[in-house]
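This is what each chain is made of:
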2 protein chains.
Amino acid sequence: MPRKNNQRGTSEQVSDLTAGRLSVYLRSLNVLAAAGVKTVSSKALAEQFHLNAAQIRKDLAYFGEFGIRGVGYYVTELRRQLRVILGLDRPVRVAVIGAGNLGMALADYPGFRQEGFVVVAMFDVDRAKVGRRSKGGVPIQHIDDLVENVKREGIDIAVIAVPAEAAQPVADLVVSAGIRAVLNFSPGSPRVPPSVKLKNVDLTVSMESLSFFLARGDDGQE
Amino acid sequence: MPRKNNQRGTSEQVSDLTAGRLSVYLRSLNVLAAAGVKTVSSKALAEQFHLNAAQIRKDLAYFGEFGIRGVGYYVTELRRQLRVILGLDRPVRVAVIGAGNLGMALADYPGFRQEGFVVVAMFDVDRAKVGRRSKGGVPIQHIDDLVENVKREGIDIAVIAVPAEAAQPVADLVVSAGIRAVLNFSPGSPRVPPSVKLKNVDLTVSMESLSFFLARGDDGQE
């Protein structure tokens with residue numbers, strides 16, 4: 001087992017950045033494992049996946065002593081341990097709120113299933129949708145049944161994919177159901193208590209970094 | 001017009017972070033403008049939207065002299081100028097490749113339209129889908145017609161939402177069509193030439209930062 005680090009004072013932002021990098025390492029190790037690679041050095045890992053070798057060593061050292069001098073990392077073992085650190089050593093149960101296009105896409109998103117996230121239910125206000133399923137088979141339930149279902153199904157994470165004006169009431173509802181982690185796709189950022197972790201995914205920001213790049217590129221041709 | 005900065009050596013990562021912050025400022029100013037606010041100081045902007053006042057001043061100063069001493073920023077004017085910097089002062093034309101659940105959701109994503117991104121077409125390999133439209137009315141065309149359509153329609157950005165194994169051939173195709181900015185939702189990261197800007201959106205990474213948080217939270221209860 002990795003040595004647990006006792007520094008609890010790490011800022012939320014650092015945690016987020018670290019978790020993001022650990023996810024990328026895990027994805028890289030998955031590729032190596034699928035190719036039958038047994039061991040890898042931080043240098044080789046960095047070169048193959050365009051990462052930073054010193055950062056890899058620093059990130060992993062923070063959680064324990066994983067590397068073997070002269071060998072590097074055992075791929076299977078490091079994968080297993082990264083999954084433990086990322087909380088993926090047991091299935092993580094997810095509910096998607098909003099059964100529109102985006103909610104349906106998220107309920108069936110293949111990357112979630114691959115890493116151990118199980119979308120167990122979708123919820124919507126539209127009674128016409130209740131009882132139907134996503135293409136992948138996730139059942140749609142009425143939002144009024146959310147609190148009861150969250151407790152019965154042991155939901156860990158709520159994914160919010162509802163219109164902007166519904167985001168805050170839905171966030172309040174999932175918090176009242178005892179959910180402590182929320183991934184929000186709706187415009188704006190709903191408020192949640194400090195004990196709840198909220199992550200906003202704003203697809204417009206990614207698009208704007210591309211239009212920014214194109215606009216800067218155009219500068220040179222003016 | 002903002003003073004154009006001549007420093008072209010800024011790293012890609014810094015540009016991305018800057019563009020991301022400018023997007024957030026623009027979104028905040030949209031809220032203020034809708035509320036009828038005429039002027040705002042960097043301090044008030046920071047407090048209201050949980051931003052960093054010094055960072056706001058630094059980011060905006062990089063692009064020109066927008067603030068007025070003793071007044072702050074004129075909301076309407078700063079919005080207009082941020083839209084110019086982000087390349088949003090003209091419609092940005094987008095094609096979505098892959099007309100599955102996710103492609104359909106992205107084609108109709110309301111946030112894109114609000115900021116001036118126009119999804120003009122979807123493309124798919126499935127001839128049964130060709131000729132249909134998204135709920136929002138975006139027509140689906142065959143992938144074989146992509147190169148011709150990109151040129152005719154003046155597509156600026158390609159959004160890739162196809163299965164993992166199709167991501168690289170699709171990326172090669174959009175690059176060959178002359179597209180210089182790609183937003184990729186497929187697992188993995190397709191390779192593109194250095195002159196093309198690729199941004200990967202991996203929804204699993206966001207989910208894993210939440211499971212990481214939950215796993216760390218659980219530590220305290222062991």
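Scoring rules and cut-offs
- Residues numbered from 1 in each chain as written.
- Chains lettered and ligands numbered in written order.
- Predicted model: local features only at pLDDT ≥ 70, side-chain atom pairs only at ≥ 80, totals over all residues.
- Heavy atoms only, no water.
- Pairing = 2+ DSSP bridges.
- Helix = DSSP H or I, 4+ residues; strand = E, 2+ residues; numbered from the N terminus.
- Axes fitted to C-alpha atoms, helices over the stretch in contact; angles between N-to-C directions.
- Contact = heavy atoms within 4.5 Å.
- Patch = residues over 30% accessible without salt bridge, like charges linked within 9 Å, V, L, I, M, F, W, Y side chains within 5 Å.
- Areas by Shrake-Rupley, 256 points an atom, 1.4 Å probe, with all protein chains shown as cover.
- Salt bridge = Lys/Arg side-chain N within 4 Å of Asp/Glu carboxyl O.
- Buried < 20%, exposed > 50% of the residue type's maximum accessible area, 1.4 Å probe, protein only.
- Buried area = accessible area lost by both parts, 1.4 Å probe.
- Polar contact = N/O pair within 3.5 Å; in protein donor to acceptor, adjacent residues only side chain to side chain.
- Least-squares fit on C-alpha atoms with pLDDT ≥ 70 in both.
- pLDDT = per-residue confidence, 0-100.
- Phe/Tyr/Trp six-rings, centres within 6.5 Å; stacked < 30°, edge-to-face > 60°.

Q: Can you break down the sheet that holds strand E6 (residues 157-160) of chain B residue by residue, with the values?
A: Residue and element names in this part refer to chain B. Taking strand neighbours across the sheet as the criterion, the six strands line up as E5-E4-E3-E6-E7-E8 in an open arrangement whose pairing is parallel. Two strands lie at the open edges of the sheet, namely strand E5 (140-142) and strand E8 (197-200), each paired on one side alone. Along the sheet, successive strands turn relative to each other by an average axial angle of 25°, direction set aside. By the bridge criterion, four bridges tie strand E7 (residues 181-184) to E8 in an arrangement that is parallel. Bridging from a neighbouring strand, Asn184 pairs with Asn200 of E8. Where helix H7 (residues 146-153) meets the sheet, its contacts fall on strand E3 (92-97), strand E4 (117-124) and E5, and the angle it forms with E4 comes to roughly 165°.

Q: Pulling in residues and values, what's your account of the sheet that holds strand E4 (residues 117-124) of chain A?
A: All names here are of chain A. The parallel open sheet is built from six strands, whose spatial order is E5-E4-E3-E6-E7-E8. Each end of this open sheet is capped by a strand with a single partner; those strands are strand E5 (140-142) and strand E8 (197-200). Pairs of neighbouring strands in the sheet enclose a mean axial angle of 25°, with direction left out of account. Bridge count between E4 and E5: three bridges; the pairing is parallel. Of the residues in E5, the one forming a bridge with Phe123 is Gln141. Against the sheet, helix H7 (residues 146-153) contacts strand E3 (92-97), E4 and E5, and its axis sits at roughly 165° relative to E4.

Q: Outline a nonpolar patch on the surface, listing residues and values.
A: All names here are of chain A. A surface patch of nonpolar side chains, amounting to about 250 Å² of accessible area, comprises Ile68, Val71 and Tyr74. Note on placement: Val71 falls in the loop between helix H3 (53-63) and strand E2 (73-74). With a relative accessible area of 31%, Val71 lands in the partly exposed category.

Q: Residue-level account of the interface of chain A and chain B, with values.
A: Each partner contributes to the interface: chain A provides 65 residues, whereas chain B provides 65 residues. At the boundary of chain A with chain B, total buried surface from both sides reaches about 5600 Å², with 64% on carbon and sulfur atoms. Sorting the residues of chain A by area buried against chain B places Met207, Glu208 and Phe212 of chain A first, and these three jointly supply 13% of that buried surface. Taken together, the links from chain A to chain B amount to two salt bridges. For the salt bridge of Arg27 of chain B with Glu208 of chain A, the shortest nitrogen-to-oxygen distance reads 2.8 Å. Here chain A and chain B share 10 residue pairs in polar contact (both at pLDDT 80 or more) between them.

Q: An account of the relation of the copies chain A and chain B is needed here, citing residue identities and associated values.
A: Taken as rigid bodies, chain A and chain B are interconverted by a rotation of 180° and an axial shift of 0.0 Å, the fit giving an RMSD of 0.0 Å. This pairing of chains is accounted for by a two-fold axis.

Q: I'd like a description of the confidence of the model for chain A, backed by residues and values.
A: Mean pLDDT over chain A stands at 87; residues scoring 70 or higher make up 91%. Complex prediction metrics read pTM 0.77 and ipTM 0.84.

Q: Please set out the packing of aromatic side chains residue by residue, giving values where relevant.
A: In total, this model carries eight aromatic pairs over all chains according to the counting rule given. A centroid spacing of 6.2 Å and a plane angle of 70° characterise the contact between Phe112 of chain A and Phe117 of chain A, whose relative ring orientation is edge-to-face. Across the pair, exposure class does not vary: Phe112 of chain A and Phe117 of chain A are buried alike. On the basis of an interplanar angle of 75° and a centroid distance of 5.0 Å, the ring pair of Tyr62 of chain B and Phe63 of chain B is categorised as edge-to-face.

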